[in-house]
Amino acid sequence: MSMQEQFLPAFLEEVVGDRFGRYSKYIIQDRAIPDVRDGLKPVQRRILYAMYDAGNTHDKPYRKSAKTVGDVMGNYHPHGDSSIYEGMVRMAQPWKMGHPLVDGHGNWGSLDDDPAAAMRYTEARLSEIAMELLRDIEKRTVLFKDNFDNTTKEPVVLPARFPNLLVNGVSGISAGFATEIPPHNLREVIDACVALIDNPEMTLEELMGFVKGPDFPTGGIIMGEEGIREAYRTGRGRIYLRAKTAIEDLRGGKQMIVITEIPYQVVKSRLVTAMENIRLEKKVEGIAEVRDESGRNGLRIVIELKKDADAQGILAYLLKKTDLQITYNFNMVAIVNKTPRQLGIKEMLTAYIEHQKEVVTYRSQYELEKAEDRAHVLEGLVKALNILDEVVATIRASKNRQDAQNNLVAKFAFTERQADAILVLQLYRLTNLEITSLEKELKDVQKTISYLRGILGSVKKLLGVIKDEIGEIRGKYGIDRRSEIQGEVEELKVNLEVLVTPEDVLVTLSHEGYVKRTSKLSFTRSGGELESTGLKEGDYLRFLLDVNTIESLLIFTKKGQYYLLPVHQVPEYKWKENGTPIVNVLPIPKEDRIVSVIPVKSFDEPGKSLVFVTRRGQVKRTELKEYMTSRSIGIVACKVGETDEVLHVQLSDNTKEILLVTKLGMSIRFREEEVNPMGRAAAGVRGISLREDDEVVSAEWVYGDEGEVLVISDLGYAKRSLVVDYPIQGRGGKGIATFEFKEGKRVRPNGSALLRSFIVKMDYTITAMMSSGERVRFSTETAPLDDRRSPGKQLVPVGKTDAIVDVLRFL
């Protein structure tokens, strides 16, 4: 045979697929996923059986853990000592198992995730309840298989006289499958088992009348009844686990939050560290100290608060930001007939009951065989004692033991088993008392045989035995529920006052986009003058907001985007400093521009809307609550056409009128309520019909006929006209003229376009920003009060090389 003929071609994917498939099957069936019948992974089953086989039971002294690990590794589990010892440690930790299966002596770890001492230092034995998992194993109740090297036998599954899968729960990860089954209350699960035996057609709702939900060994509060129901129905569901907390009063008006139970599988030390970091980083105002006072009396974490701190608010923040509240996801996967399956609670309990039927049936068959054999022997002994003299004479006449046995069988029709029992009978058993006791024992054995045959012949009696036996376990090992169940999931709302110290501040935004937050103290110390604020050369102030740190700013851009910026997140600077470009705070594109900044205290305020006006005359009204967001990126605030842009956004109470003024001197006044409320991303409706070369330059809010309308042109001509001269019209019309432009060779022009309009009720100063950098201020009183169609008076001198670039109400 040539060298080439010894090799067969193979595709890599086929080889790898085959090998990984075999590996996956092994991992799923024999390592990470528990059996639905006894709720144990193979390593756990092997540890328990090895301890039982070695006589390391709860009524014997403790033995070194290393001896048990060695027995398991040498006989059943050839995978290294660490995996065996880790499995053993978990079964000994009362904060992970509802009912620990290993009774540990020594350092077996802690809630702080401290590791257990090495196995050469710790000692262990089976716990008393673990004996219930192994009870009757020697009575042929379960199948045994060869171990890895065919030197001994190991059980395929344990008899498991209580539903361990649900009582102790399990978690594991295998190839393609994971499982997460929480611990439950022993009494509740056994009650559900008994009820399901009595009525196999029970609904899930009826079953949940017995099993309320998981019962974690660490206690806590379980929220989400719907999540429990879904998990019990499908095997998947989500609940929320919250620590048990209380707010206690201290002397001097102080309070403290006391935590006595934490969620399942949360590491206490990490939780305390997380809360201490929140205090050190001052993410929350009001925490004075975080202490772990846990000891012999149980778990106790204390969060001491400063005077007048908002205890409820701080607690809500801690629940939201730390593991004081966690989500727990059910993923109830177990091995059923060598196959992983996702199971609901009814399927799990049904599988367990079927297992118990098999266990009790096999045990009864085994005990029946033993009882029948004993009855057969007793019948021979009683018969022999009744004809004792003949039996003795026959034995004396025999040559040897074998001959005596043959003679007894031949002469008196004894069986070989009976003849053997007669030959080993001790002489003291020939007394009258012993003869009576043999007859009594025979009657008792016959009763036992009758009882066992009754069990094997009747399913009802069989189920009765199962109910009685698990009922005894319930009475002996049952404990009160430790986790409290709350039907509704409580939403956590953290008030901003908890995170931020309320303070009145000034926020400024310049034309070139420099933003800053300044304390009132810095403003006062700098002279208390608006003109003294820090600005780059040629820059000017566009927005000045007197706000509080617990408010938020809604920032709108000309392209219809908006950003939510909490005031406390605006970088703080002194009044005479320039601030920082807003692009360092918000991701506003270079080609976009801010058109409005609106402070908001609460988005839930009823009757409040945002009204948008675009240059092409579109108007949109949307309820304020639609703009609540937690995102820091730009969000669509208003749909804007390609040739259009947002001009102005105003917070409104929906009771006023809107006055739109256009570049070519047209205006329209209509009621806000004519614009129906619409969605956040809507484009709006027509506010005014425009000529092709016209656009809206100003939007003012009017209430009643009091006041004047001031308009200013691109050449600095301004004039006032009475609001009453602007009648309320229907939305969408062409409107009426508000300014007369002068044209002609002999007439001095007063402008070709309007720049802005203002509503004037009390006299104030208007500032015109010139392209030359100059600022021209004038009082509204200096603008002549005239008809709507009047040319106005020049208040801002504009040179041939100069132009007005902006008109502002302040500075």
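Numbering of residues begins from 1 in every chain and follows the order in which that chain's sequence is written. The predicted origin of the model limits local features to residues at a pLDDT of at least 70 and limits the giving and counting of side-chain atom pairs to 80 or more, whereas totals for whole chains, interfaces and linings rest on all residues. Hydrogens are left out, water is left out, and the side-chain values use all remaining heavy atoms of the structure.

Draft legend 1. Region of interest: the overall build of the protein chain. Under the scheme used here, helices are H or I runs from DSSP no shorter than 4 residues and strands are E runs no shorter than 2 residues, and both carry numbers assigned from the N terminus. The number of helices and strands found in the protein chain is 19 helices and 40 strands. Restricting the calculation to C-alpha atoms gives the radius of gyration, and the globule rule supplies 2.2 Å times the number of residues raised to the power 0.38. In summary, the protein chain has a C-alpha radius of gyration of 44 Å against a globular reference of 28 Å for 811 residues, an excess of more than 25%. With the C-alpha coordinates aligned to their principal axes, the bounding extent of the protein chain is approximately 165 × 70 × 65 Å. Counting contacts in the protein chain only where the partners sit at least 6 residues apart, residues at least 24 apart contribute 71% of the total. Of note, the protein chain has its 115 positive side-chain charges centred 1 Å away from the centre of its 118 negative side-chain charges. What makes two residues a contact is simply this: any of their non-hydrogen atoms within 4.5 Å. Charge counting treats Lys and Arg as positive and Asp and Glu as negative, with His and both chain ends excluded. Note that the charge is assigned to NZ on lysines, CZ on arginines, CG on aspartates and CD on glutamates.

Draft legend 2. Main features of the packing of helix α13 (residues 388-396) against helix α14 (residues 401-412). For helices, the fitted axis covers only the stretch in contact; all axes are lines through C-alpha atoms, and the angles between them, taken along N-to-C directions, range from 0 to 180 degrees. At a minimum axis separation of 9 Å, α13 and α14 run at an interaxial angle of 140°. Compared by their axis directions, α13 and α14 come out oblique. Note that α13 runs across α14; the crossing there is right-handed. Contacts from E390, V391, T394 and I395 of α13 reach α14 at N407, L408, K411 and F412. Considered class by class, the residues forming the contact of α13 with α14 number four nonpolar, two polar and two charged. Roughly parallel here means an angle under 35 degrees, roughly antiparallel means over 145, roughly perpendicular means 65 to 115, and every remaining angle is called oblique. The handedness criterion is simple: a crossing whose near helix is rotated anticlockwise from the far helix by less than a right angle is left-handed, and one whose near helix is rotated clockwise is right-handed. Under this grouping Gly is polar, as are all residues other than the nonpolar Ala, Val, Leu, Ile, Met, Phe, Trp, Tyr, Cys and Pro and the charged Asp, Glu, Lys and Arg.

Draft legend 3. Focus on the side chain of T68. Checked against the element boundaries, T68 lands in helix α3 (residues 65-75). Setting aside residues up to four positions removed in sequence, T68 forms contacts with I47, M51, N56 and M88.

Draft legend 4. Summary view of the environment of V445. Structurally, V445 is set in helix α16 (residues 432-457). Residue class for V445 comes out buried when judged on its relative accessible area of 12%. Residue contacts for V445: discarding those within four places in its chain leaves A371, R374, A375 and L378. Think of it in three bands: residues with accessible area under 20% of the maximum for their type are buried, residues over 50% are exposed, and the middle band is partly exposed, with areas taken using a 1.4 Å probe on protein chains only.

Draft legend 5. Quick peek at the pattern of salt bridges. Salt bridge, as applied in this entry: a Lys or Arg side-chain nitrogen positioned within 4 Å of an Asp or Glu carboxyl oxygen. Within this structure, the stated rule accounts for 55 salt bridges. R270 is the salt-bridge partner of D113, the closest N and O atoms lying 3.0 Å from each other. Here the residue D113 occupies a position in the loop between β2 (102-105) and β3 (123-126), and R270 occupies one in helix α10 (residues 268-280), the gap between them amounting to 157 residues. In this structure, R291 engages E289 in a salt bridge whose closest nitrogen and oxygen atoms are separated by 3.2 Å. A residue is classified by how much of its surface remains accessible, and R291, at 22% relative accessible area, is partly exposed. Among the residues examined, E289 registers a relative accessible area of 34% and is labelled partly exposed. Overlapping salt bridges, with partners in common, bring together E132, R135, D136, K139, R161, R363, E367 and E469 in one network.

Draft legend 6. Up close: the UniProt feature "site: Transition state stabilizer" (unreviewed entry) in the protein chain. UniProt positions are given in the numbering used here, feature names are shortened, and annotations may be inferred rather than shown by experiment. As recorded in UniProt, the feature "site: Transition state stabilizer" (unreviewed entry) lies at R120. Positionally, R120 belongs in the loop between β2 and β3. Residue R120 is classed as exposed on the basis of its relative accessible area of 53%. The residues contacting R120, other than those within four sequence positions of it, are K64 and A66.

Draft legend 7. Molecular detail of the domain arrangement of the protein chain. Split into domains, the protein chain comes out as domain 1 (244-323), domain 2 (365-475), domain 3 (501-601) and domain 4 (604-627 + 643-810). Each domain's limits were defined by an automated method or a database of domain assignments. Each of domain 2 and domain 3 has a C-alpha centre, and these two points are 101 Å apart.

Draft legend 8. Examining the confidence of the model for the protein chain more closely. pLDDT is defined as a per-residue confidence score from the predictor, taking values between 0 and 100. Across the protein chain, the average pLDDT comes to 90, with 98% of residues at or above 70. Averaged pLDDT values for the elements of the protein chain fall to 62 in helix α18 (residues 496-499) and rise to 97 in β3.

Draft legend 9. Region of interest: the sheet that holds β2. Judged by pairing direction, the sheet is antiparallel, and its three strands sit side by side in the order β1-β3-β2 without closing on themselves. Whereas interior strands pair on both sides, the edge strands pair on one side only; in this sheet they are β1 (63-64) and β2. Only strands that DSSP links by at least two bridges are regarded as paired with each other. Note that β1 and β3 share two bridges and pair antiparallel. Counterpart to K64 in the pairing with β3 is E123.

Draft legend 10. Expanded view of the nonpolar core. Residues grouped as a nonpolar core are buried Ala, Val, Leu, Ile, Met, Phe, Trp, Tyr and Cys residues, joined through side-chain atoms within 4.5 Å. Core analysis: the biggest nonpolar cluster contains 128 residues, and L48 and L101 have the highest contact counts within it. For this core, the leading source of residues is helix α12 (residues 345-386), giving 16 residues. Split by domain, this core shows at least three residues from each of two domains, domain 1 (244-323) and domain 2 (365-475). Apart from the residues within four sequence positions on either side, L48 is in contact with L40, M91, L101, V102, L126, A130, L133, L134 and L158. Of all hydrophobic cores here, the second largest spans 18 residues; its members include V507, L565, V570 and I588.

Draft legend 11. Up close: the side chain of T662. In this structure, T662 sits in strand β29 (residues 657-662). Residues adjacent in sequence count toward polar contacts only when both atoms are side-chain atoms; beyond that, a polar contact is any pair of N or O atoms within 3.5 Å, and within protein one must be able to donate a hydrogen and the other to accept it. Of note is the side chain of T662, whose polar atom sits 2.8 Å from the side chain of D694. Setting aside anything within four residues of it in sequence, one finds T662 in contact with I688, L690, D694, E695, V696, V697 and L754.

Draft legend 12. Representation of the sheet that holds strand β18 (residues 504-510) within the structure. Within the open sheet, the four strands sit side by side as β20-β18-β19-β23. Their pairing is antiparallel. Of all strands in the sheet, those bounded by a partner on one side alone are β20 (541-548) and β23 (580-581).

Draft legend 13. Just α16, in detail. Here α16 is 26 residues long and its end C-alpha atoms lie 38 Å apart, about the 38 Å a rise of 1.5 Å per residue gives. Listed as buried for α16 are E434, L438, L442, V445, I449, L452, G454 and I455. In the core, the buried residues of α16 are packed alongside α12 and α17 (459-477). The span one expects for a helix is its residue count, reduced by one, times 1.5 Å.

Draft legend 14. How the structure looks around the pairing of strand β14 (residues 325-331). Within β14, five of the seven residues are buried, which leaves the element mostly enclosed by the surrounding structure. Of the pairings in the sheet, the one linking strand β9 (residues 236-242) to β14 comprises seven bridges and is antiparallel in character. For R236, the partnering residue across the bridge sits in β14 and is N331.

Draft legend 15. Layout of a nonpolar patch on the surface. Nonpolar side chains (Val, Leu, Ile, Met, Phe, Trp, Tyr) within 5 Å and like charges within 9 Å form the patches, drawn only from residues with over 30% relative accessible area and no salt bridge. All accessibility values rest on the Shrake-Rupley procedure with a 1.4 Å probe; residue burial counts only the protein chains present in the view. Among the surface-exposed residues, L12, V16, F20 and Y23 lie close enough to one another that they form a single nonpolar patch of about 430 Å² accessible area. Within the secondary structure, F20 is located in helix α1 (residues 12-32). With relative accessibility at 47%, the residue F20 sits in the partly exposed group.

Draft legend 16. A look at the packing of α14 against helix α15 (residues 416-423). Interaxial distance between α14 and α15 falls to 9 Å at its minimum, and their mutual angle equals 125°. It follows from the interaxial angle that α14 and α15 lie oblique. Of the two elements, α14 crosses α15, and the hand of that crossing is right-handed. Where α14 abuts α15, its residues R401, A404, Q405, L408 and V409 lie against E416, A419, D420, I422 and L423. Grouping the constituent residues of the contact of α14 with α15 by class yields six nonpolar, one polar and three charged.

Draft legend 17. Quick peek at the packing of aromatic side chains. Working definition: a ring pair exists when centres of Phe, Tyr or Trp rings (six-membered ring for Trp) sit within 6.5 Å. Plane angles under 30 degrees give stacked, over 60 give edge-to-face, the rest tilted. Taken as a whole and assessed by the stated rule, the structure comprises 16 aromatic pairs. Judged by centre distance (6.2 Å) and plane angle (85°), the ring pair of Y232 and F330 falls under edge-to-face. With Y232 in helix α9 (residues 225-234) and F330 in strand β14, the pair connects residues that are 98 residues apart, well separated along the chain. The two residues Y232 and F330 agree in class, both being buried. One aromatic cluster in this structure is built from F216, Y232, Y264, Y328 and F330. Sitting over the face of the ring of Y62, R125 holds its NZ or CZ atom 4.0 Å from the ring centroid. A ring is scored as having a charge over it whenever the NZ atom of a lysine or the CZ atom of an arginine sits within 6 Å of its centre and within 35 degrees of its normal.

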